[in-house]
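Each chain, letter by letter, is given below.
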Amino acid sequence: MEHETLIEHSTTKGNINLEIDENKETIPDSPLEIAKWIKDSKEEVKEGSDCILVTMDLPSGLRVGHDNLLKSLEIVLREYFITIPEDVSEKIAQGELDVFDFVAPARDNHLSPRYVEINTLPGISTLTIKGTPPEDGEDGFLEIFFDPSLKPGKLLPDGTIDFREVNRFPQASTDQHVLRVYEPTFGNYGTDVLGFPIKPKPGRPAQIKIGEGFYEKTGIDDKTSRSFKDYFSKKRGIIICSFKGGPSPKNLSSIAIKNELKVKDIDFSTGNIKGNDNEIRCKADVIVEGDIRGCFTVIIDGKLVVKGAVEGEAVDATGPVFINFAKNFVRSGSNIEVGIARNARLFAEGSLKIQRELSDGRLKAPKIFMEPKGTPEILVGRAKISTNEITGQGVNIRNIVEIQIGEELFDTLKQLLAQKEELSKELENKKDILKNRGAIFGQKLALAKSIIGKDQEKILQVFKQFASMILLNTISHKKIKERMATLQKNTSSELNMLIKHLKLMVEIQGDFEETQNKIKLLDEKIRDTKEAISNLSLNIKGKITDAGQIRILVNGKEKKITTKDLKSDNFHLKMVYSLDTGPKFKMESI
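Only a predicted model underlies this, so the values are computations on that prediction, with no experimental measurement involved.

Caption draft 1: Here's a closer look at the overall build of the protein chain. Of the regular secondary structure elements, the protein chain holds 8 helices and 37 strands. Expressed as a percentage of contacts within the protein chain between residues at least 6 apart in sequence, the contacts between residues at least 24 apart total 49%. Accessible surface for the protein chain amounts to roughly 32000 Å². Of this, 47% is attributable to carbon and sulfur atoms.

Caption draft 2: Molecular detail of the pattern of salt bridges. For the coordinates displayed, the defined rule picks out 28 salt bridges. Residues Arg551 and Glu402 are paired through a salt bridge, measuring 2.6 Å at the closest nitrogen-oxygen approach. Of this pair, Arg551 sits in strand β34 (residues 549-554) while Glu402 is found in strand β32 (residues 400-405), placing the two residues 149 residues apart along the sequence. Arg551 sits in the partly exposed class, given a relative accessible area of 25%.

Caption draft 3: Geometry of empty space enclosed by the protein. This structure, assessed with the given rule, holds 2 cavities of 30 Å³ or more. Size it by volume and the largest cavity reaches roughly 40 Å³. Forming the boundary of the largest cavity are Ser60, Gly61, Leu62, His66, Leu69, Ile92, Gly95, Glu96, Leu97 and Thr120. Elements that contribute at least two residues to the lining of the largest cavity include exactly α2 (61-64) and α3 (66-78). Of the residues assigned to the lining of the largest cavity, the class counts are 4 nonpolar, 5 polar and 1 charged. Within this model, the second largest cavity holds a volume of roughly 30 Å³. Lining of the second largest cavity is provided by Met370, Ile385, Ile390, Val395, Ile397, Val401, Ile403 and Ile540. Among the secondary structure elements, those contributing two or more residues to the lining of the second largest cavity are β31 (389-397) and β32.

Caption draft 4: Local environment of the sheet that holds strand β17 (residues 252-258). The sheet built from 4 strands is open, its strands ordered β8-β16-β17-β13 with mixed pairing. Looking at strand neighbours, the two that pair on one side only are β8 (171-172) and β13 (209-210), the edges of this open sheet.

Caption draft 5: Seen up close, the environment of Lys567. When you line up the elements, Lys567 lands in the loop between β35 (557-561) and β36 (570-578). Taking the C-alpha atoms as reference points, Lys567 and Ser589, 22 residues apart in sequence, are found 5.9 Å from one another.

Caption draft 6: Region of interest: the side chain of Gln355. For Gln355, the position within the fold is in strand β28 (residues 351-364). A distance of 3.0 Å separates the side chain of Gln355 from the side chain of Glu337, its partner in a polar contact. Excluding residues within four positions of it along the chain, Gln355 makes contact with Glu337, Val338, Gly339, Glu371, Pro372, Lys373, Thr375 and Ile378.

Caption draft 7: Local environment of the pairing of strand β30 (residues 378-387). In terms of residue burial, β30 counts as a mostly covered element, since 7 of its 10 residues are buried. Examined bridge by bridge, β28 and β30 share 7 bridges and lie parallel to one another. Among the inter-strand pairings, Ser359 is bridged to a residue of β30, identified as Gly381. For β30 and β31, the ladder comprises 3 bridges, and the chain directions are parallel. Of the residues in β31, the one forming a bridge with Val380 is Ile397. Note: β30 against β32, 5 bridges, orientation parallel.

Caption draft 8: Seen up close, the packing of helix α5 (residues 407-451) against helix α8 (residues 496-534). Where α5 contacts α8, the axes come no closer than 8 Å and their chain directions differ by 160°. Classed by the angle they form, the pair α5 and α8 counts as roughly antiparallel. For the pair α5 and α8, the sense of crossing is left-handed. Here the contact of α5 with α8 is built from residues that sort into 24 nonpolar, 9 polar and 11 charged.

Cut-offs and rules
Residues numbered from 1 in each chain as written. Predicted model: local features only at pLDDT ≥ 70, side-chain atom pairs only at ≥ 80, totals over all residues. Heavy atoms only, no water. Helix = DSSP H or I, 4+ residues; strand = E, 2+ residues; numbered from the N terminus. Contact = heavy atoms within 4.5 Å. Areas by Shrake-Rupley, 256 points an atom, 1.4 Å probe, with all protein chains shown as cover. Salt bridge = Lys/Arg side-chain N within 4 Å of Asp/Glu carboxyl O. Buried < 20%, exposed > 50% of the residue type's maximum accessible area, 1.4 Å probe, protein only. 1 Å grid on protein atoms, 1.4 Å probe; cavity = no way out; pocket = protein on both sides within 12 Å on 5 of 7 lines; lining within 4 Å. Points joined across faces, edges and corners; volume = space filled by probe spheres on them. Nonpolar A, V, L, I, M, F, W, Y, C, P; charged D, E, K, R; others polar. Pairing = 2+ DSSP bridges. Polar contact = N/O pair within 3.5 Å; in protein donor to acceptor, adjacent residues only side chain to side chain. Axes fitted to C-alpha atoms, helices over the stretch in contact; angles between N-to-C directions. Parallel < 35°, antiparallel > 145°, perpendicular 65-115°, else oblique. Left-handed = near helix turned anticlockwise from the far one by under 90°.

Okay, structure coming up:
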């Protein structure tokens, strides 16, 4: 709040020279009467009901007497709880004509002081007391950490969002800092002319409605010392916000994060798809009541449920995907569950489940399940499957089905073993280099022994001990470097050559130790990969028609199953894997 400019008021009432103008009113002579005359000339400036400035006329000290003037001033100022400083009192009593100003403390220590001015100059003699106006508090305000230029799309009355607007919504990731709300400040007290406090007007809180989807943290700004509340998104979602005016922080009136998006269909009927490479990106769980159709890619940071068909260009989701009918590329960073997959390419980081039909498609996931749902059997034909574990029941093989088991694991193991072999050769090479360097150091040590005095023979024993620890690898590289630094400080300059050669050995030892650690990490990865390979499995129950065939590929070995291999249409096929003997199959006609 801005305050009115304080205007000093003055008057010439009583500011007279009786010798010049005898028609003016007579000024009384006693200090009490003079004080009353001074107070009667009072003019005030107020801040609401509080007085922050008062001015009064003063009679001439030549007329009433300098001593009386001082006593009357003391009487007047006493009512304002003000005492005149001694040096000012002395000058007024002596009749000095000047402007005297001083600071008078307020009634409370935390308040600003008052300013007093006593003007004894002829013709303009006045007394002025100034207080301090309060400093009103500052209003709270907002700081946003998303792009407000993305004009919010349309939130429908039923709580859903028109999918054509998705790319126009600001979107947030999990734990993203979205909003900061600064608290209002109280302000600073002022001081009235009596020395009492004038309460400031506190600032108003920022007018913002915080909706769902956030968690809150509090803090204090280091620069301004203002308190604030930070709002972070609980999980990824679309930022729903409204503005009173243009899209700027000062106009933001409400905000929430919608974590679930419900739509009927996603296709070109929803409007022109804009964005990079015809992409729709959405950081929320998406539930599609109908279908996804069109030559564009839908990228979901969350779960995707499609109750109809997916026939678009591609679907990519970080969370689980549930689709009734798939006829395109679908990838999930979690699990995929599909009713019918035709001409589809399905890839999952977790598991993949087929419930009714798989034809002319490709599946890839660590674990694959074929379990009928709503139908007695699953129709399977012309499919390529890549997995580590596959389980199925009620499977009807109507055409060629190729199952590649453990392909990535075998490739990984091959690469890890090749890397270990290369590092092992490198380790042996460094071991030889270290031995050669040790032999050179031994020669330098013998030379040094022949030219130095007996008083330094003990230090040579320390050098020899260091070299032995490095060659035998009985101490870690970190510790040997620490001890090496200490040794260098306590070694004379004539042994610098030994220090130089010893440092080279330490450096080689460091490389040797680093290579050893790399081999240890590789051994851990090799062990984990071998364990995963030993868990490779296949367990399928069902039947094969005349045109049906199962082709199983495991680490370069192949097994084919046709109706010729069965006594009946129904079969139960199992496979387990051993690192020593390879795949072991068991086929039963049931």
